[in-house]
Amino acid sequence: MKKKFDHVFQQGKSIFTEALIKNDKTFTKSIAKEAGKEYREWNPMKSKPAAAIMKGLKSFPLKKGMKVLYLGAASGATISFFSDIVGENGIIYGVEISERSLRDLNDVAERRGNIVPIIADARKPEEYSWIEKCDIIFEDVASDDQPEIMIRNADKFLKTNGFGMLALKARSIDVTKNPQQVYKVVEKKLKEHFEILEKVVLDPYEKDHAFYLLKK
Ligand SMILES: C[S@@+](CC[C@H](N)C(=O)[O-])C[C@H]1O[C@@H](n2cnc3c(N)ncnc32)[C@H](O)[C@@H]1O
């Protein structure tokens, strides 16, 4: 295993996270074992941060022990890899609007111990105003107001010098425009609040998606 980022490794063309819990086969194609450690394969076809890493993201700020706000947690696939990376002393607040998805997420959280599932609308951060300030906000909600959701949550919960990571789905914002036009409009909005450190287009892993690394 070759270290790529904190707790993220590469072997051939695949990336892996160092597993927080042993023999966890959920959300992964394979588990690799090396020197008494286990590594879960992180599929870029099913997870946008993994796709961004495969597409050449130069820095990935998620680290051991961090506090993370994750918007659009769904059934817990990507958040389970974030959970591997932040480890047992980190914490991830996972916000999800769908009750059906939250039931699956609850199971993942119970097994892992560092995920706090929150049933709420990410457009209304006041619904979870009790959470603590975070080092990173990751957003993957596929709605028409994706930049506004990031801005609103960062204003409330992101530490100074904290990072935002936005997985942007262009077609959720405007299906009639080509994605390049959508990216331009979104970037103008983001720049009023963040420095855009990196942008990676996720095709062919995720069609018409871009991944932004932002700094407050
Ligand atoms: C593309 S999926 C997320 C996939 C997930 N991040 C993963 O990689 O495992 C988008 C999720 O955002 C949720 N969502 C959409 N709008 C939301 C909102 N306003 N607040 C919270 N969650 C929302 C949807 O229910 C859905 O589960």
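Residues numbered from 1 in each chain as written. Predicted model: local features only at pLDDT ≥ 70, side-chain atom pairs only at ≥ 80, totals over all residues. Heavy atoms only, no water.

## Structural notes on the side chain of D145
Using the following cut-off: Here a strand is any run of E in DSSP of at least two residues, a helix any run of H or I of at least four, and the numbering for each starts at the N terminus. The term polar contact refers here to a pair of N or O atoms within 3.5 Å; inside protein, the definition further demands a hydrogen-donor-capable atom paired with an acceptor-capable atom, and it admits residues adjacent in sequence only when both atoms are side-chain atoms.
Examined against the element boundaries, D145 turns out to sit in the loop between β9 (134-139) and α4 (146-157). At 2.7 Å, the side chain of D145 forms a polar contact with the side chain of R123.

## A short note on the layout of surface pockets
Stated formally: With a 1 Å grid spanning the protein atoms alone, the term cavity applies to any set of points in which a 1.4 Å probe fits but cannot get out, the term pocket to an open set with protein on both sides within 12 Å along at least five of seven lines, and the term lining residue to any residue with an atom within 4 Å of a point. Grid points are joined across faces, edges and corners, and a volume is the space filled by probe spheres set on the points. For this scheme, ten residues count as nonpolar: Ala, Val, Leu, Ile, Met, Phe, Trp, Tyr, Cys and Pro. Four count as charged, namely Asp, Glu, Lys and Arg, and the remainder, Gly too, count as polar.
Within this model, the largest pocket holds a volume of roughly 340 Å³. In terms of lining residues, the largest pocket is bounded by 23 residues, among which G72, A73, E96, D140 and V141 are the most central. Those elements giving two or more residues to the lining of the largest pocket turn out to be α2 (77-86) and β7 (91-96). Tallied by class, residues from the lining of the largest pocket come to 10 nonpolar, six polar and seven charged.

## Things to note about the sheet that holds strand β5 (residues 37-41)
We apply this condition: For two strands to be treated as a pair, DSSP must find at least two bridges joining them. As a rule, the C-alpha atoms of each element are fitted with a line to give its axis, helices using only the stretch in contact, and angles between N-to-C directions run from 0 to 180 degrees.
The strand order across the open sheet built from five strands is β1-β2-β3-β5-β4, with neighbouring strands paired in antiparallel fashion. Either end of the sheet is taken by a strand with one partner, and the two such strands are β1 (2-5) and β4 (31-34). Neighbour to neighbour, the strand axes of the sheet diverge by 40° on average, direction disregarded. Bridge count for β1 against strand β2 (residues 8-11) is three bridges, and the pairing is antiparallel. Residue K3 lies in a different strand from β2, and its bridge partner there is F9.

## A closer look at the site of the ligand
Definition in use: Any residue with a non-hydrogen atom lying within 4 Å of a molecule or strand is treated as near it. The Shrake-Rupley method, run with a 1.4 Å probe sphere, supplies the accessible areas, and residue values consider only the shown protein chains as cover. Assignment of a molecule to a cavity or pocket requires that more than half of its atoms lie within 2 Å of the corresponding grid points.
If you check the shell around the ligand, you find 15 residues, and the closest are Y70, T78, E96, D121 and A122. The side chain of Y70 places a nitrogen or oxygen atom 2.7 Å from a nitrogen atom of the ligand. Residue G72 places a main-chain N or O atom 2.9 Å away from a nitrogen atom belonging to the ligand. A total of 610 Å² of accessible area belongs to the ligand in isolation, and the protein chains cover 80% of it. Put simply, the ligand lies in the largest pocket. Residues that form the shell around the ligand fall into these classes: seven nonpolar, three polar and five charged.

## Some thoughts on the sheet that holds strand β12 (residues 209-215)
An order of β8-β7-β6-β9-β10-β12-β11 is seen for the seven strands of this open sheet, with the pairing classed as mixed. Two strands close off the open sheet at either side, each with one partner strand: β8 (115-119) and β11 (195-201). When strand polarity is set aside, the average angle formed by the axes of neighbouring strands in this sheet is 15°. Relative to β12, β11 runs antiparallel, the two sharing six bridges. Residue V200 lies in a different strand from β12, and its bridge partner there is F211.

## What to know about α4
For clarity, the threshold we go by: One fewer than the residue count of a helix, multiplied by 1.5 Å, yields its expected span. Relative accessibility under 20% of the residue-type maximum defines a buried residue, over 50% an exposed one, and the middle range a partly exposed one, all with a 1.4 Å probe and only protein chains included. Note on definitions: a residue-residue contact is assigned when non-hydrogen atoms from the two residues lie within 4.5 Å.
Across its 12 residues, α4 extends 16 Å between first and last C-alpha, which sits within 8% of the 16 Å expected from 1.5 Å per residue. Of all the positions in α4, only Q146, P147, I149, M150, I151, N153, A154 and F157 are classed as buried. Tucked inside the fold, the buried residues of α4 contact β6 (67-71), β9, β10 (158-169), α5 (170-173), α6 (179-191) and β12.

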